[in-house]
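So you can see what is in the structure, the chains are spelled out below.
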Amino acid sequence: MFVINCPYCGERDQTEFSCHGEAHIARPDNPAEVSDQEWGEYLFFRNNPKGIHFERWTHDHGCRRWFNVMRDTVSDKIIKTYKMGDQKPGVTDV
Amino acid sequence: MSNQNRTMYGGRIDRGKVINFVFNGKKYKGFHGDTLASALLANDVHLVGRSFKYHRARGILTAGSEEPNAIVQLGLGARTEPNMRATEIELYEGLEAASQNCWPSVNYDIGSLNNVLSSIFPAGFYYKTFKWPPSLWLFYEHFIRKAAGLGHSPTAKNPDRYEQKFYYCDLTIVGGGISGLLSALAAGRSGCSVLLIDENPELGGYLLDYNFSINEKDGIKWIKNIVDELYSMDNVRILKRTTAMGYYDYNYLTALEKVTNHCDQLSKTLPRERYWRVRSKKIVLAQGAFERPLVFADNDRPGIMMASAGKKYLSRYGVLPGKSVVLFTNNDHAYQTAFEFNDKGAKLSVVDTRDNIDSRIQKKCEDLGIKLYSSSSIISTSGNKKVNQIEVQKVDRKQNELSGECITLDTDCILMSGGWNPAVQLFSQSRGKLRYDNVLNTFVPDKLIQDQIIIGCNNGCFDLSKNLNHSYQEGLNAAKDLNYEIADSINWTGEEEISFTESSVEPYMLGKKKVTKGSKHFIDFQNDVTAADIFLAQREGYISVEHTKRYTTTGMGTDQGKTSNVNALALMSHIHDKPVDEIGHTTFRPPFSPQTFGAIAGRSVDHLFDPERRTSIHKWHEENKAVFEDVGQWKRPYYFPKKKENIHDAVKRECLAVRNSLGMLDASTLGKIDLRGPDTTKFLNMIYTNAWSKLEIGSCRYGLMCNEHGMIFDDGVTTRLGEDHYHMTTTTGGAARVMSWLEEFLQTEWLDMEVFCTSVTEQWTVLSISGPNSRKFLQELTDIDLSKENFPFMKFREGKVCGIDSRVFRISFTGELSFEVNVPSRYGRFVWEQFMQHGKKYNITPYGTETMHVLRAEKGFIIVGQDTDGSVTPMDMNMDWIVSKKKQDFLGKRSFTRPDTLRSDRKKFVGLLVNDKKTVLPEGSHIVEKALKQPPMKMLGHVTSSYYSPILGHPIALAMVKNGTNRLGEKVEIPLMNGKVIEATIADTVFYDKEGNKNNE
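Quantities reported herein were computed from a predicted structural model and do not represent experimental measurements.

A. Main features of the overall build of chain A. The secondary structure content of chain A amounts to 1 helix and 6 strands. Taken from N to C terminus, the helices and strands of chain A fall in the order β-β-β-α-β-β-β. Looking at chain A as a whole, 40% of its 94 residues are labelled buried. Looking at chain A alone, contacts between residues at least 24 apart form 46% of all its contacts between residues at least 6 apart.

Pasting the structure below:
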């Protein structure tokens, strides 16, 4: 069970949080103009990497804020947590 | 004769306190400090159970948590617990235990016929025999399940209390042997917060049973001083009788503390067990090692036990398990046990597999008159319910052949030692990597993954002095890492009577050629897996360790192979002529030992299992005999039966009351969200399918929410209270989901929008009054002008109701003239009672959710989650009218033009009228064009809602039917579970007041 560093509250147990899948999937600005293919990719297609993964979490039993987590899916090490809207970190940033 | 195997003196038991207990219906006596196993051995009871598969007589193999054989049914009635290890059960007054897996008794067990027939029960027997024909499996299974299984679960409710505890500290140390104690001491002296966990009732570990000295002084006293010092430290917490069960990521550890299990009296204040969830900065593993059995013919007879166990029974409990004892060993360390037994009056022989035995040991054996058979092996044992004779022969290790004379020895106890296996279970769970050590012939920790330390025998080091100094130093290092000012280093010299020199363990393995007699050389005692089974699995292609494990069941069961795994792997390595490292090992998973579900559940049982939400009027409902139903976590009145009424009578009465005069529903459970902020209107336009920009202040609008797939997700009425202020309602079950949905988009997608969402579900009590008399009735209690002109449909007003500041919404879920009166929750019951009192003249009738369902179905109003299932669009529900064509974008819009959502044969929402005018179709029934005798039939859809309509006098149903809106008037058939086929006609979804005049009166 992870310890997650909520950017608003600090370190808390994983039981206080829930995960909501891959982060940085932007909703198309103008959905009416995208093709079925592009819309389908936005809706259904997600990365499932062995290694670095960016994902969205919420601190449900805490501040109820959403934030992003950069996690290594092999070691389960959380490399970084950061606020929504913050730049996606590159591997060299950490 | 009682306690005939007890020595005259010695041991760490309290001989002044006699304890009475019952085993298999017979009364015995033991002493305070005994385990069930030691007390049974003291009373010369060796036969304690029958094995799992062959029902062979089994005794006590070990003296700890690794015990595979001596597992018993403990306690009676609601407290009875199966699969308890006799070696761990502390004796208490009145204890009752019984053997498992035997019938009619452990002495005369009919199942032991399996042993005679064992040649037809090899590994994989069940897989091979009962696989065909597949249809008969259910028949076989019944008998197989009956024959298998160990012990039985209680059928009555467990009366005990279990607690859970969360704990945070710098350092958790698992294992209270000398290594663990010294690490705790070093860290404790340096100021760390330390949690020390040990599964035994006494700290000190295996050394409590051995003769050893520290700096040439008595070791036992030295241990006591350390324990006393640890207890005196405020920053050290010690948990005895506590087993670390699971080691997870980020140094998260679970442990089960047996708080009152060992007590004869139930405590009023203490729980039975306490489940610890511990998060620590560092974890020290100091769990020690398990002694490894030797594999030889019929090595499972009662009277055969581990050498270290024999030592523990003798030293700790003052029990001499046999008088004529054979030690069978491949290492030096076990000789301590032999000398101790000799000292206490047993007649000793030693069978040692090695040729080069330390000359000092040889000399000592000679001096004590102990007969030593070197480079020899026990090749057979006999004795039905207890070992009584063995055969010993020399083994030529080079040729792997028996040689020389076969000697027969009489014996009543065999002590065996095949070396030691570090208890790597928790380390492995923590993702730590193991390597096979060819000197120790076992797996030892290799690579640490988490912030952890592994010390002592657990780390594969068996040198006492090294362990003392290393453990203390590691405690200091941990403290230093955590920025504590560390205590001084100390150096000790420890000496055991016979040291465990690493080079003294010789691998002992059955050859491919038979170097032994008999057919059963047990590897896994608990699962009755023999060496022959491992050979068979390899021959039949189950070569991977994971396959061998599952095919033979070795390493499974309640002991999870604590004594068997390494022997099985070594044998596989031997068969394949490959290093053990290449064979690998199976995965270790939590829990380390069996644990009760009670402890895992803790206090989350009965009414605390799931929170129960009640409205402010709940008590009134209870007092007025409401029948409740669960809606999410809410308790809602289902219906209010009067004397002798059943559900149908009550619902009929309630429905007619609403249609004809006045009904009242407690609608407080509806989700309510207060939305504020300059961008709220813009936000609602994105969330709902319809448009909100033109909604006037003081007006209400029904809205439908879709997810991005275009599927209906929730619905409700939202009211504009002010320019930037809205009151949103959601379904009862969807309230939390909708709140999260709104927050998700505000926080992750539209960060520039300024909208604040606040859940106000519990702040408002909602009294929904409905019926032709509702206006007249309510006008008498409020200062709000309720007239048709001044308070039209879908409007909102504020004012006093029964003197209370209220919000009144003119909306309707019944099709009748309705008002939803919202009052602050603290006045909920007051206003409800005022309404009941005042409404008498209108025959005001409280109604429940069932009536609400019938009334809305008569009007064709949907219930999200009942008529929809997450796979229907607004268009599927014929709700095109609520989907804005003008809005550029809203959640789900783009998906309405996906090829799948545009299909013309999608299921559509329709009404259904049964042709016989009396059958109420079961909800969920499948609808077909033409019913056939048996499936498959061409499905058209299914019934989503179905009721008897009192006002119409016939049943009505709502359904999803393929292309349904184009089938109005068509006949369909509904085959029921009982074989009957019901004919029905597809109809409009609105059954009552099609013009919608009633709510506009």
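B. How the structure looks around a nonpolar patch on the surface. Residue and element names in this part refer to chain A. Taken together, the side chains of Ile52, Ile79 and Val91 present a nonpolar region at the surface, about 240 Å² in accessible area. Of note, Ile52 is situated in strand S4 (residues 52–58). Overall, the relative accessible area of 32% leaves Ile52 in the partly exposed class.

C. Quick look at the interface of chain B and chain A. Counting residues at the interface gives 28 residues for chain B, matched by 28 residues for chain A. Here chain B meets chain A over a buried area of about 2,400 Å², counting both sides, of which 45% is carbon and sulfur. Contact with chain A buries surface across chain B, with Tyr250(B), Gln747(B) and Arg894(B) losing the most and accounting together for 29% of the total. In this assembly, chain B and chain A are joined by 6 salt bridges. The partner of Arg27(A) in a salt bridge is Asp889(B), and the shortest N-O contact between them spans 2.7 Å. Inspection of the region where chain B meets chain A yields 21 residue pairs in polar contact (both at pLDDT 80 or more). The element that contributes the greatest number of residues to the side of chain B that touches chain A is helix H20 (residues 735–748) of chain B, accounting for 7 residues. Per-class residue counts for the side of chain B that touches chain A are 11 nonpolar, 7 polar and 10 charged.

D. A look at the packing of helix H8 (residues 335–343) of chain B against helix H9 (residues 359–368) of chain B. Residues and elements named next belong to chain B. Two elements in contact, H8 and H9, have axes separated by 11 Å at closest approach and are oriented at 15 degrees. Here H8 is positioned roughly parallel relative to H9, judged by the angle of their axes. As H8 packs across H9, the resulting crossing turns out to be left-handed. Contacts between H8 and H9 pair Tyr335, Phe339 and Asn342 from the former with Ile361, Lys364, Cys365 and Leu368 from the latter. Split into classes, the residues belonging to the contact of H8 with H9 amount to 5 nonpolar, 1 polar and 1 charged.

E. View of helix H13 (residues 545–552) of chain B. Listed in full, the buried residues belonging to H13(B) are Val545(B), Thr548(B), Lys549(B), Tyr551(B) and Thr552(B). For H13(B), the side-chain oxygen to backbone nitrogen distance between the N-cap and Glu546(B) is 3.1 Å, and the N-cap itself is Ser544(B).

F. View of the packing of aromatic side chains. Residues and elements named next belong to chain B. All chains considered together, the criterion is met by 33 aromatic pairs over all chains. With 6.5 Å between their ring centres and 20 degrees between their planes, Phe290 and Phe592 make a pair best called stacked. Separated by 302 residues along the polypeptide, Phe290 in strand S16 (residues 289–291) and Phe592 in the loop between helix H15 (580–583) and helix H16 (597–601) bring together distant segments of the chain. When sorted by exposure, Phe290 lands in the same class as Phe592, which is buried.

Definitions and cut-offs
Residues numbered from 1 in each chain as written. Chains lettered and ligands numbered in written order. Predicted model: local features only at pLDDT ≥ 70, side-chain atom pairs only at ≥ 80, totals over all residues. Heavy atoms only, no water. Helix = DSSP H or I, 4+ residues; strand = E, 2+ residues; numbered from the N terminus. Buried < 20%, exposed > 50% of the residue type's maximum accessible area, 1.4 Å probe, protein only. Contact = heavy atoms within 4.5 Å. Patch = residues over 30% accessible without salt bridge, like charges linked within 9 Å, V, L, I, M, F, W, Y side chains within 5 Å. Areas by Shrake-Rupley, 256 points an atom, 1.4 Å probe, with all protein chains shown as cover. Salt bridge = Lys/Arg side-chain N within 4 Å of Asp/Glu carboxyl O. Buried area = accessible area lost by both parts, 1.4 Å probe. Polar contact = N/O pair within 3.5 Å; in protein donor to acceptor, adjacent residues only side chain to side chain. Nonpolar A, V, L, I, M, F, W, Y, C, P; charged D, E, K, R; others polar. Axes fitted to C-alpha atoms, helices over the stretch in contact; angles between N-to-C directions. Parallel < 35°, antiparallel > 145°, perpendicular 65-115°, else oblique. Left-handed = near helix turned anticlockwise from the far one by under 90°. Phe/Tyr/Trp six-rings, centres within 6.5 Å; stacked < 30°, edge-to-face > 60°.

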